[in-house]
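The lines below spell out each chain.
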Amino acid sequence: VMEYIKGVPITLHCDRHKLDIRDRVGLIMQVCDAVLHAHQKGIIHRDLKPNNILVEYNDNRTMVKVIDFGIAKSLNQPLTEKTIFTREGQMIGTPEYMSPEQAEMTTQNIDTRSDIYSIGVILYQVLTGSLPFEAETLRSAGFAEIARIIREEDPPRPSTKFETKIEEATDRSRSAAEDRKTDQRSLTRLLRGDLDWIVMKCLEKERTRRYDTAGALLADLQHYLDDEPVDAGPPSIAYRASKFARRHRGALVAASLILIVLIAGVIVSTMFALSEARQRRIAVTERDAKSALL
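Computed from a prediction, not measured in an experiment: that's the story for all the values here.

Brief notes about the overall build of the protein chain
Counting secondary structure elements, the protein chain contains 12 helices and five strands. Across the 294 residues that make up the protein chain, the buried fraction comes to 43%. When contacts within the protein chain are restricted to residue pairs at least 6 apart in sequence, long-range pairs at least 24 apart make up 67% of them.

Pasting the structure below:
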């Protein structure tokens, strides 16, 4: 007997209520927290997707619930006496949300970072309204081609999903932007940078380049919301300085105004000093000229 969850898939909830980007990120943080709890118990879900992540409504509050551990893998012991046995060469999971190591159809290399990849796909979909690899493309291919696409092809960054001139794609992009309470250009700007980096770190082909844990991904999403440098971003001085400036904008504006006043005062004082010195030189020159005539 399982708990009855009176909720809807996370993607449906986001679009139905037209959540903005920050609220969508907040929901994914709840997903990370739930998955982290499972991982700490030694359980890998292996089939994370919107239909298995429901948003439940409870007293005007929303709560994310991760369900359907039917093909979950335990790192420590069998989950039940009738744990599903998965064999090498058998595709386990949903292709659109499947990690490259799952696509290899072997049970030897699956660890918690496989779930991190799936969360990255869901985050991509929640942010853009589309998948990294379109379902039609994957579903129309055979197992071998599905595995090759997932293992070898790099998906476009989320922000590039809205940079299109194709009329049909433009209409979809416009609709997706409206569902996020913004326009296409603003949505591209919101996704470019931190969210691009976070999503693409989750979708790394090499799992060693992904977030090590769901907790690390959760922390980076919190960094994004707090306007702090994200671990997925480039560790350049200019980038970190820009994030510092955004967090302390008021103090920096005040300091800048004070600095401008000080600089202006120095400039004015210097100009007066130079003018006085010039006048003194002219007076000395005139005095010397008069003395020479006498």
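Picking up where we left off.
Thoughts on the sheet that holds strand β1 (residues 7-9)
Hydrogen bonds between backbone atoms are what pair the strands of a sheet, whose relative direction is either parallel or antiparallel. If you walk across this open sheet you meet the three strands as β1-β3-β4, and the pairing is antiparallel. If you trace the sheet from one side to the other, it starts and ends with β1 and β4 (61-66), each paired once. Within the sheet, the average angular offset between the axes of one strand and its neighbour, ignoring direction, is 30 degrees. Along the sheet, helix α2 (residues 21-40) contacts β3 (53-58) and β4; its crossing angle with β4, the most-contacted strand, is approximately 40 degrees.

Describing the environment of Asp 33
Relative to the elements of secondary structure, Asp 33 occurs in helix α2. The exposure class assigned to Asp 33 is partly exposed, which follows from its relative accessible area of 46%. In this structure, the C-alpha to C-alpha distance between Asp 33 and Val 64, residues 31 residues apart in sequence, is 9.6 Å.

Concerning the layout of surface pockets
Approximately 400 Å³ is the volume found for the largest pocket. For the lining of the largest pocket, the secondary-structure elements that each account for two or more residues are α1 (10-16), α4 (112-128) and α7 (167-179). Among the residues forming the lining of the largest pocket, the class breakdown is five nonpolar, nine polar and eight charged.

A word on empty space enclosed by the protein
For the structure on display, the rule yields two cavities of 30 Å³ or more. By volume, the second largest cavity is sized at about 30 Å³. Lining the second largest cavity, in full, are Arg 46, Asp 47, Leu 48, Gly 93, Thr 94, Tyr 97, Met 98, Gln 102 and Ser 118.

Focus on the nonpolar core
Core analysis: the biggest nonpolar cluster contains 58 residues, and Ile 10, Val 25, Ile 28, Ile 198 and Leu 221 have the highest contact counts within it. In contact with Leu 221, not counting residues within four places along its chain, are Val 25, Ile 28, Met 29, Cys 32, Leu 123 and Ile 198.

Things to note about a nonpolar patch on the surface
On the surface, Leu 259, Ile 263, Ile 267 and Met 271 cluster together into a nonpolar patch covering about 400 Å² of accessible area. Structurally, Met 271 can be placed in helix α12 (residues 249-293).

Observations regarding the state of the cysteines
One pass over the full model with this rule turns up zero disulfides. We note that Cys 202 lacks a disulfide partner, and the nearest cysteine sulfur, in Cys 32, lies 7.3 Å from it.

Notes on unusual backbone geometry
Of note in the backbone geometry, Lys 18 takes a positive phi value of approximately 50 degrees without being a glycine. Within the secondary structure, Lys 18 sits in the loop between α1 and α2. Among the residues examined, Lys 18 registers a relative accessible area of 38% and is labelled partly exposed. With a phi close to 60 degrees, Asp 227 is a non-glycine residue in the positive phi region.

Side note on the pairing of β3
In regular strands, side chains alternate between the two faces of the sheet. Bridge analysis of β1 against β3 gives three bridges, and the strand direction is antiparallel. For Gly 7, the partnering residue across the bridge sits in β3 and is Glu 56. Here β3 pairs with β4 via six bridges, running antiparallel. Within β4, the residue paired with Val 55 across the bridge is Val 64.

Re the side chain of Ser 99
Considering the arrangement of structural elements, one finds Ser 99 in the loop between β5 (73-74) and α3 (100-103). Residue classification places Ser 99 among the buried positions, given a relative accessible area of 0%. There is a polar contact of 2.7 Å between the side chain of Ser 99 and the side chain of Ser 114.

Regarding the packing of α4 against helix α9 (residues 194-202)
At a minimum axis distance of 7 Å, the contact between α4 and α9 shows a crossing angle of 145 degrees. Contacts between α4 and α9 pair Ile 116, Tyr 117, Gly 120, Leu 123, Tyr 124 and Leu 127 from the former with Leu 195, Ile 198, Val 199 and Cys 202 from the latter. Looking at side-chain class alone, the contact of α4 with α9 contains nine nonpolar, one polar and no charged residues.

Scoring rules and cut-offs
- Residues numbered from 1 in each chain as written.
- Predicted model: local features only at pLDDT ≥ 70, side-chain atom pairs only at ≥ 80, totals over all residues.
- Heavy atoms only, no water.
- Helix = DSSP H or I, 4+ residues; strand = E, 2+ residues; numbered from the N terminus.
- Buried < 20%, exposed > 50% of the residue type's maximum accessible area, 1.4 Å probe, protein only.
- Contact = heavy atoms within 4.5 Å.
- Pairing = 2+ DSSP bridges.
- Axes fitted to C-alpha atoms, helices over the stretch in contact; angles between N-to-C directions.
- 1 Å grid on protein atoms, 1.4 Å probe; cavity = no way out; pocket = protein on both sides within 12 Å on 5 of 7 lines; lining within 4 Å.
- Points joined across faces, edges and corners; volume = space filled by probe spheres on them.
- Nonpolar A, V, L, I, M, F, W, Y, C, P; charged D, E, K, R; others polar.
- Core = buried A, V, L, I, M, F, W, Y, C linked by side-chain atoms within 4.5 Å.
- Patch = residues over 30% accessible without salt bridge, like charges linked within 9 Å, V, L, I, M, F, W, Y side chains within 5 Å.
- Areas by Shrake-Rupley, 256 points an atom, 1.4 Å probe, with all protein chains shown as cover.
- Salt bridge = Lys/Arg side-chain N within 4 Å of Asp/Glu carboxyl O.
- Disulfide = S-S within 2.5 Å.
- Polar contact = N/O pair within 3.5 Å; in protein donor to acceptor, adjacent residues only side chain to side chain.

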